[in-house]
Amino acid sequence: MALALRARTFDRLLYPVHRWVWADERRRAEKLLTFAETERDGGRDLSRAAERTRDPLLRRLYLRHSLDEQRHAGLFLARGLAILAELGGASPAATFQASAFAPGERGLDDLRVDEVADDSLLAFLHLSEKAAAQRFIIYREVLSADAATRDVFGDVLADEAFHMNYTYAQLRRVAPRRYGLRLWAARLSRLWKGYLRLATAIGSMMGRVVLTVQYFVILPPFALLAKRAARRLPAGWTPGHRPSPLESQY
Ligand SMILES: [Fe+2]
Ligand SMILES: [Fe+2]
C-alpha cells in the first residue's frame, strides 16, 4: 500500500521564500550542485548498508536505492552545470543558499551505517526520504519557469516516493511490533540534528555580526590614535637610543 504524499503545511507557508530562493539562476545552479553531492553521499552510505545487512531482500533494495541516489546525483550535477554554462560558464560565486529553508535530500545525515540495526536504519531512511519528497513537490512547483530543472525534480520525486514507501514497508516487516517506537526514535534524532544545524547557523551568524561591529566600532578609535601618534614622530630615519658598540658587546 503506497503512502499518501503531499507537501507539508510548513513548506506551503514558506512558499514565497522557496520561490525567492529558486528564482536566482546562480543560486539555483549552486543549490543543484550541493544537492548532487548529498545524493552521492547518500548513495555511498546505502551501498555500505547493502554490504553489511544480513537480509537478502534488504540488500537488493539498498542496492537499488543506492543506484537511484547515484542517478539523482548525476541529474542534479548535469542540470547545475548546464545553468552555469548558460550564465557564461563562470565558476559559481558564493551566494546565500538558504539551506535552512530549502535543503536537499539529507540522506542518512551522518548516521553511522555500521553502528545501527536494520530497523533503526529503515526508520531513519523513511523519514528522510519522506521529508525530501515533500520538499521536492514544492521545488517542482516554484520552478514552473524553468522546465528543465522542474523535470529533474519531477523525475527524482518518483524515486523518492518509492524510497519512502519501501522503507516503511520493510520497517514493518523487520520490526512488526517495534516499528512505531523506531520511527519515534528516528524522529527525535532528526529533531536533535535539526536543532544542532540551527544552533550552528545562529552561532555563525552571531560571530559575523560581532566581528562586523568590532571592525566598525572598536577598531576606528585605535586607527585614529595610531595615526595621531605617527604624526608626532619625526620624518625619516632617526638613530635610536641603543648603546654604542663601544659600551656593549652587541
Ligand atoms: Fe535522491
Ligand atoms: Fe532518496
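Above this text you will find the structure in question.
Numbers given to residues run from 1 along each chain, matching the order in which its sequence is written. Chains carry letters from A onward and ligands carry numbers from 1 onward, assigned in written order. Given that this is a predicted model, residues contribute local features only at a pLDDT of at least 70 and side-chain atom pairs are listed and counted only at 80 or more, while totals for whole chains, interfaces and linings are drawn from all residues. Heavy atoms throughout the structure, all of them, feed into the side-chain values; hydrogens and water do not.

J.: In this structure, what is going on with the overall build of the protein? I would like to understand it.
T.: Helix numbers and strand numbers start at the N terminus; a helix is a DSSP run of H or I with at least 4 residues, a strand a run of E with at least 2. Helix and strand content of the protein: seven helices and zero strands. Moving toward the C terminus, one meets the helices and strands of the protein in the order α-α-α-α-α-α-α. Looking at the protein residue by residue over its 250 residues, the buried ones come to 37%. Note on contacts: a residue pair is in contact if any heavy atoms of the two residues lie within 4.5 Å. A separation threshold of at least 6 residues defines the contact pool for the protein, and within that pool the share at least 24 residues apart is 81%. Using the Shrake-Rupley algorithm and a 1.4 Å probe, accessible areas are obtained, with residue cover drawn only from the displayed protein chains. Summed over its atoms, the accessible surface of the protein is roughly 15,500 Å², and 61% of this surface lies on carbon and sulfur atoms. Think of it in three bands: with a 1.4 Å probe and only protein chains considered, a residue is buried below 20% of the maximum accessible area for its type, exposed above 50%, and partly exposed in between.

J.: Can you help me understand the packing of helix 3 (residues 25–52) against helix 4 (residues 56–86) in this one?
T.: Helices that pack against each other are described as a pair by the angle of their axes relative to one another and the distance between those axes. The angle between two axes is taken between their N-to-C directions and runs from 0 to 180 degrees, where each axis is a line fitted to C-alpha atoms and a helix contributes only its stretch in contact. Direction vectors running N to C along helix 3 and helix 4 enclose 160°, while the axes themselves pass 7 Å from each other. The orientation of helix 3 with respect to helix 4, classified from their angle, is roughly antiparallel. Crossing of helix 3 against helix 4: the hand is left-handed. Classes in brief: Ala, Val, Leu, Ile, Met, Phe, Trp, Tyr, Cys and Pro nonpolar; Asp, Glu, Lys and Arg charged; the others, Gly included, polar. Its residues placed into classes, the contact of helix 3 with helix 4 shows 16 nonpolar, eight polar and 10 charged. Each angle is binned into one of four classes, with values under 35 degrees roughly parallel, values over 145 roughly antiparallel, values of 65 to 115 roughly perpendicular, and all other values oblique. Less than a right angle of anticlockwise turn of the near helix away from the far helix marks a crossing as left-handed, whereas a clockwise turn marks it as right-handed.

J.: Looking at this structure, how should I read the packing of helix 3 against helix 6 (residues 147–174)?
T.: It is at 13 Å that the axes of helix 3 and helix 6 come closest, and there the two elements cross at 25°. One element, helix 3, and the other, helix 6, form an angle in the roughly parallel class. Between helix 3 and helix 6 the crossing geometry is left-handed. Contact residues: Arg28, Leu32, Phe35 and Glu39 in helix 3; Thr149, Phe153 and Glu160 in helix 6. The class makeup of the residues in the contact of helix 3 with helix 6 is three nonpolar, one polar and three charged.

J.: I'm lost on helix 3 in this one. Help?
T.: What a helix should span is 1.5 Å times the count of its residues minus one. Across its 28 residues, helix 3 extends 41 Å between first and last C-alpha, which sits within 8% of the 40 Å expected from 1.5 Å per residue. Polar contact is the term for a pair of N or O atoms within 3.5 Å; when the atoms are in protein, one must be able to donate a hydrogen and the other to accept it, and sequence-neighboring residues count only if both atoms are side-chain atoms. A side-chain oxygen of the first residue of helix 3 lies 3.1 Å from the backbone nitrogen of Arg26; this N-cap is Asp24.

J.: When you look at the nonpolar core in this model, what are you seeing that I'm missing?
T.: Nonpolar side chains in soluble globular proteins tend to end up buried together. Core analysis: the biggest nonpolar cluster contains 22 residues, and Trp22, Leu32, Phe35, Phe76, Phe136, Tyr139 and Phe153 have the highest contact counts within it. Elements supplying a minimum of two residues to this core: helix 2 (15–23), helix 3, helix 4, helix 5 (118–142) and helix 6. In terms of residue count, helix 5 provides more of this core than any other element does, six residues in total. Counting 21 residues, the second largest nonpolar core, distinct from the first, contains Leu61, Leu111, Leu121 and Tyr168. The set of buried Ala, Val, Leu, Ile, Met, Phe, Trp, Tyr and Cys residues whose side-chain atoms join them within 4.5 Å is what this entry labels a nonpolar core.

J.: Please explain the pattern of salt bridges as it appears in this structure.
T.: Side-chain pairing between opposite charges can occur once the charged atoms of the two side chains come close. Should a side-chain nitrogen of Lys or Arg be within 4 Å of a carboxyl oxygen of Asp or Glu, the pair is scored as a salt bridge. Evaluation of the coordinates by the stated rule reveals 14 salt bridges. Measuring nitrogen to oxygen at the nearest pair gives 2.7 Å for the salt bridge that ties Arg48 to Glu51. Residue Arg48 and its partner Glu51 are located together in helix 3, separated by three residues, close to a single helical turn. In this structure Glu51 comes out as exposed when scored by relative accessible area, which is 58%. Across the pair Arg71 and Asp159 runs a salt bridge, and its minimum N-O distance is 2.8 Å. Residue Arg71 is located in helix 4, and its partner Asp159 is located in helix 6; the two are separated by 88 residues in the primary sequence. Take Arg71: its relative accessible area is 36%, and that puts it in the partly exposed class.

J.: Can you help me understand a positive patch on the surface in this one?
T.: In this analysis, a patch consists of residues with relative accessible area above 30% that form no salt bridge, clustered at 9 Å for like charges and at 5 Å for the nonpolar side chains Val, Leu, Ile, Met, Phe, Trp and Tyr. For this count, His and the chain ends are skipped, Lys and Arg are scored as positive, and Asp and Glu as negative. Charge coordinates come from a single atom per side chain, which is NZ of Lys, CZ of Arg, CG of Asp or CD of Glu. A contiguous patch of positive charge, built from Lys227, Arg228, Arg231 and Arg232, is present on the exposed surface. Mapped onto the elements of the fold, Lys227 is located in helix 7 (residues 179–232). Owing to a relative accessible area of 55%, Lys227 belongs among the exposed residues under this scheme.

J.: Would you mind showing me how to read the packing of aromatic side chains here?
T.: Describing an aromatic ring pair means giving the distance of the ring centres and the angle of the ring planes. For this analysis, a ring pair means two rings from Phe, Tyr or Trp (six-membered ring only for Trp) whose centres lie within 6.5 Å, classed as stacked if their planes differ by under 30 degrees, edge-to-face if by over 60, and tilted for the remaining angles. If you walk through the whole model with that rule in mind, you get 16 aromatic pairs. Taken together, a centroid distance of 5.8 Å and an interplanar angle of 40° make the contact between Phe136 and Tyr139 tilted. Pair noted here: Phe136 and Tyr139 are both in helix 5, with a separation of three residues, about one helical turn. Residues Phe136 and Phe153 carry aromatic rings whose centres are separated by 5.1 Å and whose planes lie at 65° to one another, so their mutual orientation is edge-to-face. A residue pair is termed long-range when its members are at least 10 positions apart, and Phe136 in helix 5 and Phe153 in helix 6 qualify at 17 residues. Taken together through their ring pairs, the aromatic side chains of Trp22, Phe35, Phe76, Phe136, Tyr139 and Phe153 make up a single cluster. Here the guanidinium or amino end of Arg187 rests over the ring plane of Trp184, the centre of that ring lying 4.7 Å away. Comment: the charge-over-ring label is applied if NZ (Lys) or CZ (Arg) is within 6 Å of the ring centre and within 35 degrees of the ring normal.

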